Amino acid sequence: MPHTLPKTHIRRIGLVLAIQVLLTVCPKLAAQTTLSQNQDGFNGERMDGFMDTEPDKDSTVVERSVSKDYFQWVMNPNTGLPLEVSPDTLHHSFHNVHLTEGMKGTYSHLGNMGSPRLSRLYFERKETGDFMFDSPYGFWIKNPTDFRFTDTKSPHVSLDYYKGGDKRTGEERVKGYFAANFNRKVGIGMDMDYLIGRGRYDSQSTSFYDARLYTYYRGDIYSMYVTAGSDKMRIAENGGIQDTRYITNPEAMAEGRKSYSPEDIPFRLYYHWNNLKRKQALLSQNIMLSVKFSRTDSIGDTIITTSRKVEFGKLAHTFQISGLQRNYINYQMQNGFYERQFLHNDSTDTARNFQLTNTLSLSLLEGATKWAKAGLSAYARYDYQTFTMPDTLGGRGEYMRRYSKGNFSVGASLEKAQGDNLTFKAGAETVLLGQDLGDFILHGEMLLKYPLLGKDARIGANAALTGQAPSFYMQKFHSTFAWWDRDFDKEFKTHIGGFIDIEKTGTRLQADVENVAGYVYLANMGSGAVNGDGITQPTYDIQAFQNSGSIQIVSATLQQNLALGPLHWDNNVTWQLSGNREIIPLPDLNVFSDLYFKFLYAKRLQMEIGANATWFSKYTAPGYCPAAGMYHLQNPAVEQEVGGYPLLTGYVNCNLRGVRFYAMYYHVNDGILANRNSFIVPGYPANPGMFKFGLSWTFFD
């Protein structure tokens, strides 16, 4: 059994490790930066010039080896079974992890870190739930079914720290998790995430906080998984810039000066906030189903009986509960921003959603017998929800009104996940009873792997057919500055897609096509207003509508990664075509290009030094309305095109013995190129140039 090292040896080891880090990161301090193999656990050559002999070893000390093996999984909400996922150990493009625009710059957002976002790629957008107000915060929110449980042989802590800009207008994020196991069956842990974006522009700040706990028991027959969490989001709303010339032509607005401080640029709203609170919990438990086979053989006069237990299935129950809330707070109203006002007390401008879900499932495991070539699952689910929002008594006051709905659904899935060549899965679900009676989902996908040019190539295909009622708040929403009551028909979608991925050449080609009938969307019906400077600006009157026809969307994405020695050039180009640009506007082209050198320094430090660029073609992009907290179609009378602007970033990305860190300069071309139209969302410019750095470190005990 391992013993604890004496204090003298701990001090000696700590000194050796500290000097090793200094000499590795700062090679100018010494010509040789290698360690001898001793009690510090590292392998290498002797550390010349500082310590010529290995420290004396205490014969009473037994060297301790710390295992770094662990794996993670999420819970399937339908089958109640764990789905293993890869741990976050990404090195390549690690510098993009904390960017709100996403790893490949495909999301449009309001500029600040954590601000509401919307993907410019149609097939990257996720379905909106009944509580639609948290959908623009996919960068941040964590649902119980997305939470990662961890099984680890050694307790460990993972910490990430990110910082950009200065203390007054910069942004920071601290996140991490702790995981430990009592034994091979029981584990506990917690996950915390804190973000603050003070904002380069006025009234742009964001503040998010999330904390989650989990525990589990994975027995031979019975297993249980529990997680609970709470997150709070506070977003300041500035309503967009007062005059786009502060960005496109700052010399004309700076009263003779050559520049205009970002903090001094006037915006349309002050003292307005969107606050979101979410509390969620999940309990999933399952029982292993098995059968025992006995066999009797005789050898001469001896009778031998052998038995074998075969685990063939699992019976699971999953329970989820959540309370979601959104508040819109306004302390100072700007004339000409909202066209109509329905409430007079912003304390009632609240939308709440309570959700309770019970799912019972039976799964037959793949590979349990020679006939079980695929896994088969069936489930039944009951969803109960309440929705609370303000209403009026016809001039006699305001009050909070509650609505409720319940749905009973059944579904089944067939999945083949084992095998080196062909895997597939298919599923079906329908609502048998409830307000959304007749809703259905049919989907399937397959993946074929085969050797090509000495490496793997993959061909994938997917298809889906859905018919679903629009989310509750898309049909009925009451607030201070937006109010509608609708009774929409179901929205029907037919989707077909596929891809081919050739590892040898670094090529991936993906194509998708979808037909949408009865598309539901938000649009601004405000007429617009002229301010004191003679600039026409949009006024906001957001309403929900349903298209009576069908719209087709076609998309093709080419990913081509090139390499010549240490020089790498990765490219992603997406082409899109919308059958109705007035209702589903999309940029024709979206490009992400990354040019970098990748090499190993001093045999230990993995480095990537390069620059990446994001560009998309001009289009009439969706606008953003603070009162609804959602993206919407612009009013044709007051439209602004965005796009055609390259956003460049330079970076240094490093990995040293599992410690990841980077430094980058975001928007390096700010104010340099002749094209200064750096608007990503109408009325909201991209953040000015900013220095950023980040660090990720995992500690094992």
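Remember, it's a predicted structure, so these values are computed and weren't measured experimentally.

Describe the overall build of the protein, listing the residues and the values that go with them.
Assigned secondary structure in the protein consists of four helices and 37 strands. Taking as baseline every contact in the protein between residues at least 6 positions apart, the subset at least 24 positions apart corresponds to 65%. For the protein, the exposed area adds up to about 34400 Å²; of that, 57% sits on carbon and sulfur atoms.

Tell me about the nonpolar core, and name the residues and values.
Note that soluble globular proteins tend to have their nonpolar side chains buried in a common cluster. Core analysis: the largest hydrophobic core is formed by 67 residues, its most contacted members being F133, Y137, M233, Y338, Y473 and W484. Excluding anything up to four places from it in sequence, Y137 contacts G114, S115, P116, F208, M233, I235, L276 and Y624.

An account of the pairing of strand 17 (residues 440-452) is needed here, citing residue identities and associated values.
As paired strands, strand 16 (residues 422-434) and strand 17 are joined by nine bridges and run antiparallel to one another. In the sheet register, G427 faces strand 17, and the bridge partner there is H443. The antiparallel pairing of strand 16 with strand 17 creates a hairpin that spans five residues between the two strands, and G438 there sits at a positive phi of about 95 degrees. Two elements, strand 17 and strand 18 (residues 455-468), share 13 bridges in a ladder whose sense is antiparallel. Bridging across to strand 18, L447 finds its partner in G460. Joining the antiparallel neighbours strand 17 and strand 18 is a turn of two residues, in which L453 adopts a positive phi near 60 degrees.

Could you give an account of the packing of aromatic side chains, naming the residues involved and the relevant values?
For the structure on display, the rule yields 43 aromatic pairs. Look at Y403 and F472: their rings are 5.8 Å apart centre to centre, the planes differ by 55 degrees, and that puts the pair in the tilted class. Taken together, the residues Y403 in strand 15 (residues 398-416) and F472 in helix 4 (residues 472-475) connect sequence positions 69 residues apart. Neither Y403 nor F472 differs from the other in exposure class; each is buried. Among the aromatic side chains, those forming a connected cluster through ring pairs are F131, F133, F387, Y403, F472, Y473, F477 and W484. The positively charged end of K142 is found above the aromatic ring belonging to W140, 4.6 Å away from the centroid. Note that K692 overlies the ring of Y666, its terminal NZ or CZ placed 4.0 Å from the centroid.

Tell me what's going on with the confidence of the model for the protein, and back it up with residues and numbers.
As a general rule, the predicted coordinates of low-pLDDT regions are not to be interpreted in detail. When pLDDT is averaged across the protein, the result is 87; 88% of the residues are at 70 or more. Across residues 1-55, confidence stays below pLDDT 50; counting only partners more than four residues off in sequence or on other chains, it has 75 contacts. This model gives residues 57-62 a pLDDT under 50, and the stretch forms nine contacts once residues within four places in sequence are excluded.

Please provide a residue-by-residue account of the side chain of Q576, values included.
Along the chain, Q576 turns up in strand 28 (residues 567-578). Here P587 takes part through its backbone oxygen, which lies 3.2 Å from a polar atom of the side chain of Q576. Contacts of Q576, omitting those with residues within four sequence positions, involve R120, L121, Y122, V554, S555, L586, P587 and D588.

Any details on the side chain of R326? Residues and values, ideally.
Relative to the assigned elements, R326 resides in strand 12 (residues 302-330). There is no salt bridge for the buried R326, and the closest opposite charge comes from D349, which lies 4.4 Å off by N-O distance. For R326, the side chain forms a polar contact with the main-chain oxygen of P626, separated by 3.3 Å.

Break down the sheet that holds strand 2 (residues 82-85) for me, citing the residues and quoting the values.
Read across the sheet, three strands follow the order 2-1-5 without closing on themselves; strand pairing throughout is antiparallel. The strands lining the two open edges of the sheet, one partner per strand, are strand 2 and strand 5 (149-152). This sheet shows a mean twist of 35 degrees between the axes of neighbouring strands, independent of strand direction. Across four bridges, the pairing between strand 1 (residues 70-75) and strand 2 is antiparallel. Counted as the bridge partner of V74 is L83 from strand 2.

Break down the pattern of salt bridges for me, citing the residues and quoting the values.
Applying the stated rule across the entire model yields 26 salt bridges. When salt bridges with common partners are traced through the structure, they connect D134, D210, R212, D231 and R278 into a single cluster.

Describe unusual backbone geometry, and please don't skip the residues or the numbers.
Across residues other than glycine, the phi torsion is negative in most instances, and most of the peptide bonds are trans. Its identity is not glycine, yet S203 carries a phi of approximately 50 degrees, on the positive side. Its identity as a non-glycine residue notwithstanding, Y271 has a phi of 60 degrees, on the positive side. Positionally, Y271 belongs in the loop between helix 3 (250-253) and strand 11 (272-299). Residue classification places Y271 among the partly exposed residues on the basis of a relative accessible area of 47%.

Describe in detail the environment of R125, supporting the description with residues and values.
By the secondary structure assignment, R125 is in the loop between strand 4 (117-119) and strand 5. Given the relative accessible area of 27%, R125 is considered partly exposed. When the C-alpha positions of R125 and Y107 are compared, they lie 9.6 Å apart, and in sequence the two are 18 residues distant. Those residues in contact with R125 that sit more than four places away from it in its chain are L118, S119, R120, P585 and L586. Polar contacts involving the side chain of R125 include one to the main-chain carbonyl oxygen of S119, which spans 2.8 Å.

Would you mind going over the environment of M333 in detail, with residue names and values included?
Within the fold, M333 resides in the loop between strand 12 and strand 13 (350-364). Classification of M333 as partly exposed rests on a relative accessible area of 33%. Along the primary structure M333 and R268 are separated by 65 residues, whereas in three dimensions their C-alpha atoms are 9.8 Å apart. With sequence-adjacent residues up to four places away left out, M333 is seen in contact with H272, Y338 and F481.

What counts, and at which threshold
- Residues numbered from 1 in each chain as written.
- Predicted model: local features only at pLDDT ≥ 70, side-chain atom pairs only at ≥ 80, totals over all residues.
- Heavy atoms only, no water.
- Helix = DSSP H or I, 4+ residues; strand = E, 2+ residues; numbered from the N terminus.
- Contact = heavy atoms within 4.5 Å.
- Areas by Shrake-Rupley, 256 points an atom, 1.4 Å probe, with all protein chains shown as cover.
- Core = buried A, V, L, I, M, F, W, Y, C linked by side-chain atoms within 4.5 Å.
- Buried < 20%, exposed > 50% of the residue type's maximum accessible area, 1.4 Å probe, protein only.
- Pairing = 2+ DSSP bridges.
- Phe/Tyr/Trp six-rings, centres within 6.5 Å; stacked < 30°, edge-to-face > 60°.
- Lys NZ or Arg CZ within 6 Å of the ring centre and 35° of its normal.
- pLDDT = per-residue confidence, 0-100.
- Polar contact = N/O pair within 3.5 Å; in protein donor to acceptor, adjacent residues only side chain to side chain.
- Lys, Arg positive; Asp, Glu negative; His and termini not counted.
- Salt bridge = Lys/Arg side-chain N within 4 Å of Asp/Glu carboxyl O.
- Axes fitted to C-alpha atoms, helices over the stretch in contact; angles between N-to-C directions.

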